Amino acid sequence: MDYSLIENAPLAPIGSMKVGGNAKYLVLPKNENGLVSAIRRFKESNERFIVVGKCSNLIFQDSGFDGAVISTAEMKGTKAREGRLVSLCGEPLSALARTACENGIGGFEFCYGIPGTVGGAVYMNAGAYGGEISKVFVSGRFLNENLDVITLSCEEAEFGYRKSRLMRENLLLLSAELCGYERDPADIRAEMEDLVAKRKSKQPLEYPSCGSAFKRPKDNFAGALIEQCGLKGYSIGGAQVSEKHAGFIINKGNATASEVIALLKEVSEIVFEKTGIRLEPEIRVID
Ligand SMILES: Cc1cc2nc3c(=O)[nH]c(=O)nc-3n(C[C@H](O)[C@H](O)[C@H](O)COP(=O)(O)OP(=O)(O)OC[C@H]3O[C@@H](n4cnc5c(N)ncnc54)[C@H](O)[C@@H]3O)c2cc1C
């Protein structure tokens with residue numbers, strides 16, 4: 001079999017927020033065939049399913065997921081080909097950045113230190129420090145809802161700020177062809193190390209989180225607005241607005257998914273009351 005399946009699997013250990021109940025099934029495809037056959041199986045049995053990467057931008061409810069959570073975490077690998085890179089959907093973004101560096105391909109430095117996969121990054125057009133997946137994306141092979149494999153160019157993937165066509169049409173990334181520019185590996189390495197040092201000094205990496213809890217509002221910063229509203233350190237149960245970076249909601253050790261969700265809502269409400277700006281969560285909550 002090209003996938004492994006665990007019944008009644010706890011979801012908290014696999015996600016970066018470390019919250020959530022159990023999944024009826026946790027499925028780990030080993031390759032593309034495994035992913036397609038797992039999806040076909042659950043479609044045929046009318047079982048609910050979701051495809052995830054490393055769950056670094058989503059949380060499951062405390063009641064868990066009454067269906068199959070299919071994680072691409074074992075579908076890893078990046079190949080360099082004539083100055084371009086082809087990554088499988090489960091490739092960790094930091095591994096992609098390292099391969100780009102080894103091959104003297106610049107443009108992927110921003111990926112270093114983002115704990116998700118290429119699939120998750122393409123889904124929401126992940127970005128940081130001026131870089132964005134849409135800037136290096138050439139084309140991707142996707143699985144549509146009829147389980148046909150289709151190819152989309154960067155333009156056809158319709159990337160926007162933290163969004164893409166994948167969200168609208170439930171497209172699943174299988175692999176992506178990516179392209180950067182020629183750069184000295186020593187310079188790439190230096191920039192990657194610099195970005196990671198910035199993350200360590202500014203972000204609460206010592207606690208579980210999903211990164212930025214809210215999308216950046218137009219002409220503003222979520223963290224600055226939250227801080228301005230006096231919410232730094234504000235907590236509900238074990239979920240807290242980080243004291244180090246107000247844009248992060250962290251798990252202080254024993255948070256539940258309900259506490260994280262309640263805090264997301266409350267912070268958004270208070271910021272709206274005080275500033276008139278509505279913060280939109282970046283973290284996806286799976287019901
Ligand atoms: C400490 C920390 C720092 C972070 N910093 C950043 C940052 O700087 N910039 C940034 O953008 N994000 C950041 N994030 C958030 C997160 O790491 C990224 O959004 C990442 O791209 C999510 O990847 P994932 O594999 O974990 O996706 P998941 O959380 O598993 O899934 C996210 C969404 O993508 C979908 N998805 C996953 N795989 C596929 C696929 N193959 N095809 C289609 N859809 C798929 C899922 O269904 C889900 O809707 C950070 C998170 C943490 C914890």
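These numbers come from a predicted model, not from an experiment. Throughout this document, residue positions are counted from 1 along each chain, in the order its sequence is written. Residue-level local features of this predicted model are given only where pLDDT is at least 70; pairs of side-chain atoms are given and counted only at 80 or more, and the full residue set underlies all totals for whole chains, interfaces and linings. Hydrogens and water molecules were not included; the side-chain quantities draw on all heavy atoms of the structure.

## Things to note about the side chain of Glu-282
Helix and strand labels come from DSSP, where a helix needs a run of H or I of at least four residues and a strand needs a run of E of at least two; each type is numbered from the N terminus. If you trace the backbone, Glu-282 turns up in the loop between α7 (257-275) and β19 (284-286). Buried residues are those whose accessible area, probed at 1.4 Å on protein chains only, stays under 20% of the maximum for their type, while exposed residues exceed 50% and partly exposed ones sit between those limits. Residue Glu-282 is classed as buried on the basis of its relative accessible area, which comes to 14%.

## A word on the sheet that holds strand β17 (residues 239-241)
Two strands are counted as paired when DSSP detects at least two bridges linking them. An order of β15-β18-β17-β16 is seen for the 4 strands of this open sheet, with the pairing classed as antiparallel. Edge strands, defined here as strands with exactly one partner in the open sheet, are β15 (209-212) and β16 (235-236). As paired elements, β15 and strand β18 (residues 248-251) share 2 bridges and run antiparallel to each other. Residue pairing for β18: Ser-212 is matched across the bridge by Phe-248. In what follows, a contact means two residues having at least one pair of non-hydrogen atoms within 4.5 Å. What counts as an axis is a line fitted to C-alpha atoms, over the stretch in contact for a helix, and the angles between N-to-C directions run from 0 to 180 degrees. Where α7 meets the sheet, its contacts fall on β16, β17 and β18, and the angle it forms with β17 comes to roughly 30°.

## Points about the site of the ligand
Around the ligand sit 33 residues, and of these Val-51, Ser-56, Thr-117, Gly-127 and Arg-284 come closest. Two N or O atoms count as a polar contact when they lie within 3.5 Å, although within protein this holds only if one can serve as hydrogen donor and the other as acceptor, and sequence-adjacent residues are included solely when both atoms are side-chain atoms. In the model, an oxygen atom of the ligand is placed 2.8 Å from a nitrogen or oxygen of the Asn-57 main chain. Here a nitrogen atom of the ligand sits 2.6 Å away from a polar atom, N or O, in the main chain of Gly-127. The accessible surface values rely on the Shrake-Rupley method and a 1.4 Å probe; as for residues, cover is taken only from the protein chains in view. Compared with its free state, where it exposes 960 Å², the ligand has 95% of that area covered by protein. Broken down by secondary-structure element, the contributors of at least two residues to the shell around the ligand are β3 (49-52), α3 (118-124), β9 (127-128), β13 (172-179) and β15. With 5 residues, α3 is the single largest residue contributor to the shell around the ligand. When its residues are assigned to classes, the shell around the ligand shows 18 nonpolar, 11 polar and 4 charged. Nearness is judged by heavy atoms alone; a residue qualifies as near a molecule or strand once a single heavy atom is within 4 Å of it. Three residue categories are used. Nonpolar comprises Ala, Val, Leu, Ile, Met, Phe, Trp, Tyr, Cys and Pro, charged comprises Asp, Glu, Lys and Arg, and polar comprises the others, including Gly.

## Here we look at the domain arrangement of the chain
Note that domain bounds follow an automatic or database assignment of domains. Taken domain by domain, the chain comprises domain 1 (3-71), domain 2 (78-200) and domain 3 (204-286). Placing a centre on the C-alpha atoms of domain 1 and another on those of domain 3 gives a separation of 26 Å. Tallying the contact residues gives 15 residues for domain 1 and 17 residues for domain 3. Across the domain 1 to domain 3 interface the summed buried area is about 1,400 Å²; carbon plus sulfur atoms make up 60%. Buried area is understood as the total, over both parts, of accessible area removed when two parts are fitted together, assessed with a 1.4 Å probe.

## Here we look at helix α2 (residues 93-102)
Within α2, 8 of the 10 residues are buried, which leaves the element mostly enclosed by the surrounding structure. Where α2 is concerned, the buried positions are Leu-93, Ser-94, Ala-95, Leu-96, Ala-97, Thr-99, Ala-100 and Cys-101. One or two steps after α2, the chain reaches Gly-104, where phi turns positive at roughly 65°.

## Remarks on the side chain of Arg-165
Its location among the elements puts Arg-165 in helix α4 (residues 165-169). In terms of polar contacts, Arg-165 uses its side chain to reach the side chain of Glu-169, at 3.0 Å. Residues in contact with Arg-165, not counting those within four places in the same chain, are Leu-152, Glu-156, Ala-157, Glu-158 and Leu-171.

## Examining the packing of aromatic side chains
Put simply, two rings from Phe, Tyr or Trp (the six-membered ring, in Trp's case) pair if the centres are within 6.5 Å, and we call them stacked under 30 degrees between planes, edge-to-face over 60, tilted for the rest. Evaluated as defined, the whole model comprises 4 aromatic pairs. For the pair Phe-60 and Phe-65, a centre-to-centre distance of 5.8 Å together with 70° between the ring planes defines the contact as edge-to-face. Summarising the burial analysis for this pair, Phe-60 and Phe-65 share the class buried. Taken together, a centroid distance of 5.2 Å and an interplanar angle of 75° make the contact between Phe-137 and Phe-159 edge-to-face. Within this pair, whereas Phe-137 is found in strand β11 (residues 137-143), its partner Phe-159 is found in the loop between β12 (149-153) and α4, the two being separated by 22 residues in sequence. The class for Phe-159 is buried, based on a relative accessible area of 19%. Taken together, Phe-137, Phe-142 and Phe-159 form an aromatic cluster joined through their ring pairs.

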